[in-house]
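Here's the letter readout for the chains.
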Amino acid sequence: MKKSFVIVGCGRLGTALARYLAGAGYRPAGFASRSLSSAKRAAAAAKANVPVSVLPWEVTSKADIVMITTPDGAIGETADKIAEYRGVEKGAVVLHCSGAHASTELAAVRDCGAAIGSIHPLQSFVAENIEENPFAGIMMGVEGEQAAVEIAWQIAEKLGAHPFEIRTEKKMLYHASAVVASNYMVTLMNLSLQLIIASGVPASKAFAILKPLVQGTLSNIEKNGVPRALTGPIARGDVETVRDHLSEISEKAPTRLELYRELGKHTIEVAEAKGDLSEETAGELKTLLSESDS
Ligand SMILES: NC(=O)c1ccc[n+]([C@@H]2O[C@H](COP(=O)([O-])OP(=O)(O)OC[C@H]3O[C@@H](n4cnc5c(N)ncnc54)[C@H](OP(=O)(O)O)[C@@H]3O)[C@@H](O)[C@H]2O)c1
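Keep in mind it's a predicted model, so treat the numbers as computed, not measured.

What counts and how
Residues numbered from 1 in each chain as written. Predicted model: local features only at pLDDT ≥ 70, side-chain atom pairs only at ≥ 80, totals over all residues. Heavy atoms only, no water. Domains from an automatic or database assignment. Contact = heavy atoms within 4.5 Å. Buried area = accessible area lost by both parts, 1.4 Å probe. Salt bridge = Lys/Arg side-chain N within 4 Å of Asp/Glu carboxyl O. Polar contact = N/O pair within 3.5 Å; in protein donor to acceptor, adjacent residues only side chain to side chain. Helix = DSSP H or I, 4+ residues; strand = E, 2+ residues; numbered from the N terminus. Buried < 20%, exposed > 50% of the residue type's maximum accessible area, 1.4 Å probe, protein only. Near = heavy atom within 4 Å. Areas by Shrake-Rupley, 256 points an atom, 1.4 Å probe, with all protein chains shown as cover. Pairing = 2+ DSSP bridges. Right-handed = clockwise from strand over helix to strand, strands pointing away.

### Observations concerning the domain arrangement of the chain
Piece 1. Assigned domains within the chain: domain 1 (4–166) and domain 2 (173–290).
Piece 2. A C-alpha centroid distance of 39 Å is found between domain 1 and domain 2.
Piece 3. Each partner contributes to the interface: domain 1 provides eight residues, whereas domain 2 provides four residues.
Piece 4. Around 420 Å² of area is buried between domain 1 and domain 2 when both sides are counted, 71% of it from carbon and sulfur atoms.
Piece 5. Remark: the boundary between domain 1 and domain 2 carries zero salt bridges.
Piece 6. In this assembly, domain 1 and domain 2 are joined by one residue pair in polar contact (both at pLDDT 80 or more).

What follows is the structure, given as structure tokens:
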């Protein structure tokens, strides 16, 4: 028999899950959110005529799988409330989708006999109306109790994603890594765009001009690994060019100087790992990038 699911917290991720879990053969059993309109929207996304509520425990008690997709800060209290109202069946699986928080945040429902876990899609969900399956081909980190991990693993595969196991006690580092890969990549692109626009390239063309370079770099990392993908003045030990960059940024985009310096210092480490940089040149670059007035 098809496993039933309930979503609690019908925002960006919850609504996408409603739609694609239903599409993957799971049976919607209800939707709950802080506002009834969000719960109704998720039910519509799943094409399901099922109970909706602002009180999670009113809909969770009939589900095999409860997915809590509230903001991270509300996960613990949501689980506590569900447990207080005995809102899960013995043998049910309760999962949350936070990358930073561990499954242990759901401890209260374990006391009702549910297995707890988390399933974190390594993807950025920006809109609720997603016409294409946003889970197809992405990675999903899962952790928790064995029965919950098994269900989370199946869910990921049925959504078209690739599951992998993460360590409960090291989840915060795992999430920090995801933040760097996604959020800090955005910040890095922001810096690059600001500098190219300051150089006179029209803002409307800036991203299109940089995009093949970014894609080529990612492809080089994939094919050759991080150190061998590094090119440019630091990898070449071209101290003069780095000095000229610092002087020009200091004049034309001074608020960007500190970030450029810090990234440069970390880039020296990569260049050293590549093996082409002499100790002397690495030292010169370190001094230059640490000076506060260049
Ligand atoms: N978005 C992403 O890119 C992404 C990626 C990976 C993982 N996640 C994880 O997915 C979870 C949800 O993130 P999101 O981006 O989908 O957030 P979101 O768009 O803000 O949606 C959260 C939903 O939960 C509802 N809600 C808030 N407090 C609630 C409560 N106490 N009880 C019940 N419902 C409540 C909200 O209220 P209304 O009913 O008022 O609408 C909202 O619709 C988080 O754990 C996040 O870390 C998100």
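### A look at the pattern of salt bridges
Piece 1. If you walk through the whole model with that rule in mind, you get 10 salt bridges.
Piece 2. In this structure, Glu145 engages Arg110 in a salt bridge whose closest nitrogen and oxygen atoms are separated by 3.4 Å. Separated by 35 residues along the polypeptide, Glu145 in the loop between strand E7 (139–144) and helix H6 (146–158) and Arg110 in helix H5 (residues 107–110) bring together distant segments of the chain.
Piece 3. On the basis of relative accessibility, which here comes to 35%, the residue Arg110 falls in the partly exposed class.
Piece 4. Between Lys265 and Glu262 there is a salt bridge, and its shortest N-O distance comes to 2.8 Å. Of this pair, Lys265 and Glu262 both sit in helix H12 (residues 257–274), three residues apart, roughly one helical turn.
Piece 5. With a relative accessible area of 28%, Lys265 lands in the partly exposed category.
Piece 6. A relative accessible area of 33% means that Glu262 is categorised as partly exposed.

### Here's the deal with the site of the ligand
Piece 1. Near the ligand you find 21 residues, and of these Leu13, Ser33, Ser38, Asp72 and Phe125 are the closest.
Piece 2. Between the ligand and Cys10 there is a distance of 3.4 Å, counted from an oxygen atom to a backbone nitrogen or oxygen.
Piece 3. At 3.3 Å from an oxygen atom of the ligand is found a main-chain nitrogen or oxygen belonging to Thr70.
Piece 4. When the ligand sits alone it has 890 Å² of accessible area, and the protein chains cover 80% of it.
Piece 5. Those elements that place two or more of their residues in the shell around the ligand are helix H1 (12–23), helix H4 (72–84) and strand E6 (115–121).

### Examining the pairing of E7
Piece 1. As judged from the five bridges shared by E6 and E7, these two strands associate in the antiparallel manner. Paired with Gly117 across the two strands is Gly144, which belongs to E7.
Piece 2. Pairing between E7 and strand E8 (residues 162–165): four bridges, direction parallel. When the bridges of E8 are listed, Met140 appears paired with Pro163.
Piece 3. In this region the chain leaves E7, passes through H6 and returns to the parallel neighbour E8; the handedness of that crossover is right-handed.

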